[in-house]
Amino acid sequence: MRKTTKSLIAVTCAAAALAAAGCGTTSENTGKVQAQDPTQHCKGPDGKYTIGMSQANLAEPYRVRMDDDIRKAAEKVPQFEVQFSDAAKDNSKQISDVENFLTKQVDLLMISPNEAAPLTDVVKKAYNKGIPVVVLDRKVDGDAYTTYIGADNVQIGRQAGEYFKSTLLPEGGKIVQIKGLSGSTPAAEREKGFKEGIQGSQIEIVATADGEWERTTGQQKMDALLKANPEIKAVYAQNDPMAEGAYLAAQAAGRNDLKFVGIDGLPIPSGGIKAVEDGRLQATNLYPTGGAEAVEAAKKLLIDCQPVDKAQTLQTELVTKENAAEVYARLNQG
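Residues numbered from 1 in each chain as written. Predicted model: local features only at pLDDT ≥ 70, side-chain atom pairs only at ≥ 80, totals over all residues. Heavy atoms only, no water.

S.K.: What is the right way to read the overall build of the chain from this model?
M.R.: Within the chain, the regular secondary structure consists of 12 helices and 12 strands. When the 334 residues of the chain are sorted by exposure, 52% land in the buried category. Sequence-distant contacts in the chain: of pairs separated by 6 or more residues, those separated by 24 or more amount to 74%. (Helix = DSSP H or I, 4+ residues; strand = E, 2+ residues; numbered from the N terminus. Buried < 20%, exposed > 50% of the residue type's maximum accessible area, 1.4 Å probe, protein only. Contact = heavy atoms within 4.5 Å.)

Structure representation (structure tokens):
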């Protein structure tokens, strides 16, 4: 059945070539998005498949966990071989990493882009070559990918903001925000959602700094923020490592009165859930890595010959002292 379909497509392309210039490569040359059969690489359960996973960096514990989740899930699929690359926060390197995967003719590309705009063209190139593309966590511009897997970052930011408004600072107060890398989509979305969440309250964001998603940078930026804004009551950090960095800066300054909220909720000993349990953070907001879901999507496309949804939204959860132990245990089952 599939061979017949491919034959019809080939005939159609040949006929179209008589009336127009080219068929199949035109979209790649013009930058347009080519219609894709996402299951065309499917050889069924008897096939062997190479998957390229392009990671934005491995400086963030969240990304290490994402790769680990992909690796663990892929080990259960004997047909899969996953090759990993680390862009080390360098857009040019990540473009080169993806190009290398294309040269190797991988059967499927997974990518968590460092920044959206710089990675859009090379992701589109892969997609237009007919390679299924699974985008994880951070987005690219446009829709030249097979599926996007990630939590709703606006919702997560809103959830954090509502916690500030209802529980952490119900009477209001001045706070600072430590954002992630400015060119990454979660940074903008988490800020947007947070501002929506605190609407109608007396909470005021008096300063914002870019912590680049990293603990050390978050600590440095918090030190400067605290000196410039000694009147603040709390910190909203867009991930847990930056929140922990901010906590360390506050401790060094003798500010034991400040409150901290992060995002990620990694269920590991050094992660945000344990930081909440131990009292360093007042709350974190669960942000699943999507690693297992990415492998499941690859299995559907390459082995089961089934399409997948264009967007797969992962569920978040507010983690506080009251539920931290239960959430940690639940996420580490199996």
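Next comes the rest of the write-up.
S.K.: In this structure, what is going on with the packing of aromatic side chains? I would like to understand it.
M.R.: Each aromatic ring pair is specified by the distance between its two centres and by the angle formed by the two planes. A full pass over the atoms with the stated rule returns 6 aromatic pairs. Between the aromatic rings of phenylalanine 194 and tyrosine 236, the centroid separation amounts to 3.9 Å while the plane-to-plane angle is 5°, which identifies the pairing as stacked. Placement of the pair is phenylalanine 194 in helix α7 (residues 185–197) and tyrosine 236 in strand β8 (residues 234–237), with a sequence separation of 42 residues. No difference in accessibility class separates phenylalanine 194 from tyrosine 236, as the two residues are buried. Among the aromatic side chains, those forming a connected cluster through ring pairs are Phe164, Phe194 and Tyr236. Note that lysine 139 overlies the ring of tyrosine 148, its terminal NZ or CZ placed 5.3 Å from the centroid. It is lysine 274 that lies over the ring of tyrosine 328; its NZ or CZ is 4.4 Å from the centre. (Phe/Tyr/Trp six-rings, centres within 6.5 Å; stacked < 30°, edge-to-face > 60°. Lys NZ or Arg CZ within 6 Å of the ring centre and 35° of its normal.)

S.K.: Is there a simple way to explain the nonpolar core in this structure?
M.R.: Soluble globular proteins: nonpolar side chains tend toward being buried together. Ranked by size, the top nonpolar core spans 62 residues in total, and within it Phe80, Met110, Val133 and Phe164 carry the most contacts. Examining the composition of this core, we find that 6 residues originate from one element, helix α11 (residues 291–302), more than from any other. (Core = buried A, V, L, I, M, F, W, Y, C linked by side-chain atoms within 4.5 Å.)

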